[in-house]
Amino acid sequence: MSPVDQRRERRQYPRRRVAWPVLVEVGKQRHPCQAVDISACGAKIVPKIWLRTGARVYLRFIPPEGEPLDVGALVWRADADGLAFFFTRTIDHSVLRSA
C-alpha cells in the first residue's frame, strides 16, 4: 500500500472531490478561491493567496445546491496543489452523506 493510500485509509471522514467557489476571509479581507475536495472536518482549497500554517480563517463554501456553508478553520498545511484546512467544527452537507 502506498503512503498516500495509507493516509486515506486513516481518515475518519471520506473526502469528496468538488469544484465549489469558496471565500476565504482573513481578518477583514475576503479572497475568492476554489475548493477541490471537502470532508466533514476539512477541505483542500486552491488559493489565490498563500497563508501560513496555523492561520485562522473563516470559509464560506458556495455549493451548487443549497445554502452557503460557513465554517471557521485553520490552515493545516500547504501542499503543492493548494492549502489544506482543518475545520473548527464538523460540517454536514448532502454531498458528504453520499461519500
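Figured I'd write up the structure that's included with this text. (Residues numbered from 1 in each chain as written. Predicted model: local features only at pLDDT ≥ 70, side-chain atom pairs only at ≥ 80, totals over all residues. Heavy atoms only, no water.)

### Some thoughts on the pairing of strand 3 (residues 42–46)
Counting buried positions over the 5 residues of strand 3 gives 4, a clear majority of the element. Here strand 2 (residues 29–38) folds back onto strand 3 in antiparallel fashion, the turn holding 3 residues. (Buried < 20%, exposed > 50% of the residue type's maximum accessible area, 1.4 Å probe, protein only. Helix = DSSP H or I, 4+ residues; strand = E, 2+ residues; numbered from the N terminus. Pairing = 2+ DSSP bridges.)

### A few points about the nonpolar core
By size, the foremost hydrophobic cluster in this structure holds 25 residues, and its most contacted members are Ile38, Ile45, Leu51, Leu59, Phe61, Phe85 and Phe87. Listed by contribution, the elements that provide at least two residues to this core are strand 1 (16–26), strand 2, strand 3, strand 4 (56–61), strand 5 (69–79) and strand 6 (82–87). Here Ile38 is in contact with Pro14, Arg15, Arg16, Val18, Trp20, Ala43, Phe61, Phe87, Ile91 and Leu96, once residues within four sequence places are set aside. (Core = buried A, V, L, I, M, F, W, Y, C linked by side-chain atoms within 4.5 Å. Contact = heavy atoms within 4.5 Å.)

### Focus: the side chain of His31
Within the secondary structure, His31 is located in strand 2. Classification of His31 by relative accessible area gives buried; the value is 16%. Setting aside anything within four residues of it in sequence, one finds His31 in contact with Val22, Leu23, Val24, Val26 and Ile49.

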